[in-house]
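Geometric and topological summary
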Amino acid sequence: MVKLLLTRHGQTFWNVEKRMQGQSNSNLTPLGIKQAEALGKRLKDEHIDVIYTSPLQRAYDTAELIKGNRDIEIITRDGLMELYLGPWQGRLLSEVTEEFPDQIENFWVHPERFHRDDTEDYFQLLKRASDTIAEIAEKEQGKSVLIVTHGIVLKTLRSYFQYQGIDEINNYAHSPQSTSLSIVEKRDGRWNVLLWNDTEHYELIPNE
């Protein structure tokens, strides 16, 4: 058995500006920092053996904030990085939508059809992310593992955990929110989703 606690990084400045991030980086906003700290408070009594994170700065910073002063090792894995979006990275979503309306529709609505020669597609992302998760699950058997990654990675991994196809990843009402908590377990060789995209800890964010 292995237990995975999965989360998305906190809000970034490019999230606010509605820029496409991909594997480029944008720093956490003050709210993004508070979101990560709030999840850390929520998990303060949860036993965590090890943390795996995307090496992108917004994810690594989120992992550090969740960890706080606890003595937990943080390990980076390239396979947890966000979908590579090539020349779209750093551009406003509105600009890309106006320039490539059909491709953006596929990107959001028909992920199984999305393909560009200068980006990753969802099938490539699923392969590297699920291979990384399988490797972690094998290495950390019997442990509780926190994984800090990205929104599209989590959307795609849900299809992996629920044994569904790429065309089914949009079947759910909401995309993963910043620092939302998801919990999955692998028992007897099979994944089970126990919680997904929960933001109860937002109530711990102080009002200013």
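Our structure is the block above this text.
Cut-offs and rules
Residues numbered from 1 in each chain as written. Predicted model: local features only at pLDDT ≥ 70, side-chain atom pairs only at ≥ 80, totals over all residues. Heavy atoms only, no water. Salt bridge = Lys/Arg side-chain N within 4 Å of Asp/Glu carboxyl O. Helix = DSSP H or I, 4+ residues; strand = E, 2+ residues; numbered from the N terminus. Buried < 20%, exposed > 50% of the residue type's maximum accessible area, 1.4 Å probe, protein only. Phe/Tyr/Trp six-rings, centres within 6.5 Å; stacked < 30°, edge-to-face > 60°. Contact = heavy atoms within 4.5 Å. Expected span 1.5 Å × (residues − 1). Polar contact = N/O pair within 3.5 Å; in protein donor to acceptor, adjacent residues only side chain to side chain. Core = buried A, V, L, I, M, F, W, Y, C linked by side-chain atoms within 4.5 Å. Pairing = 2+ DSSP bridges. Axes fitted to C-alpha atoms, helices over the stretch in contact; angles between N-to-C directions.

**Description of the pattern of salt bridges**
Summed over all chains, the structure comprises 13 salt bridges. The salt bridge partner of lysine 3 is glutamate 46, with a shortest N-O separation of 2.9 Å. Residue lysine 3 is located in strand E1 (residues 2–8), and its partner glutamate 46 is located in the loop between helix H2 (30–42) and strand E2 (50–53); the two are separated by 43 residues in the primary sequence. Using a relative accessible area of 24% as the deciding quantity, one classes glutamate 46 as partly exposed. The partner of lysine 127 in a salt bridge is aspartate 131, and the shortest N-O contact between them spans 2.5 Å. Here the residue lysine 127 and the residue aspartate 131 both occupy positions in helix H6 (residues 122–139), the gap between them amounting to four residues, near one helical turn. Aspartate 131 sits in the partly exposed class, given a relative accessible area of 38%.

**A look at the packing of aromatic side chains**
Within a pair of aromatic rings, the relevant descriptors are the distance that separates the centres and the angle that separates the planes. Taken as a whole, this structure holds 11 aromatic pairs when the rule is applied. Taking the centre distance of 6.2 Å and the plane angle of 80° together, the rings of tryptophan 88 and phenylalanine 107 count as edge-to-face. Pair noted here: tryptophan 88 is in the loop between strand E3 (73–76) and helix H4 (93–99) and phenylalanine 107 is in helix H5 (residues 101–108), with a separation of 19 residues, a long-range link. In this pair, the class of tryptophan 88 matches that of phenylalanine 107, namely buried. Considering the side-chain rings of tyrosine 160 and phenylalanine 161, the 5.4 Å spacing of their centres and the 50° angle between planes classify their relative orientation as tilted.

**What to know about the side chain of threonine 12**
With respect to the helices and strands, threonine 12 occurs in the loop between E1 and helix H1 (13–17). Using a relative accessible area of 0% as the deciding quantity, one classes threonine 12 as buried. Apart from residues lying up to four places away in sequence, threonine 12 is in contact with Gln21, Ser26, Asn27, Leu28, Thr29 and Arg58.

**Things to note about H6**
Along its 18 residues, H6 runs 25 Å from first to last C-alpha, staying within 8% of the 26 Å computed at 1.5 Å per residue. Turning to H6, its buried residues are Tyr122, Leu125, Leu126, Arg128, Ala129, Ser130, Thr132, Ile133, Ile136 and Ala137. The opening residue of H6 is aspartate 121, an N-cap whose side-chain oxygen sits 3.0 Å from the backbone nitrogen of phenylalanine 123.

**Thoughts on unusual backbone geometry**
With phi around 60°, lysine 18 is a residue other than glycine that occupies positive phi space. Tracing the backbone shows lysine 18 in the loop between H1 and H2. Assessed through its relative accessible area of 57%, lysine 18 is described here as exposed. Here tyrosine 163, not a glycine, exhibits a phi torsion of approximately 55°, which is positive.

**Details of the nonpolar core**
Leu4, Ile147 and Phe161 are the most contacted members of the largest nonpolar core, which totals 34 residues. Going through the elements one at a time, E1, E2, H5, H6, strand E4 (144–149), helix H7 (151–161) and strand E6 (190–198) are the ones with two or more residues in this core. Element by element, the count of residues in this core is highest for H6, at seven residues. In this structure leucine 4 touches Ile133, Val145, Ile147, Phe161, Ser182, Ile183, Val184 and Trp191, once residues within four positions along its chain are discounted.

**Looking at the sheet that holds E2**
The strand order across the open sheet formed by six strands is E3-E2-E4-E1-E5-E6, and the pairing between neighbours is mixed. Two strands bound the open sheet, and with one partner strand each, they are E3 and E6. Across this sheet, the average inter-strand angle for adjacent strands is 20°, counted without regard to direction. In terms of strand pairing, strand E5 (residues 181–187) meets E6 through six bridges, oriented antiparallel. By the bridge assignment, valine 184 is partnered in E6 with valine 193.

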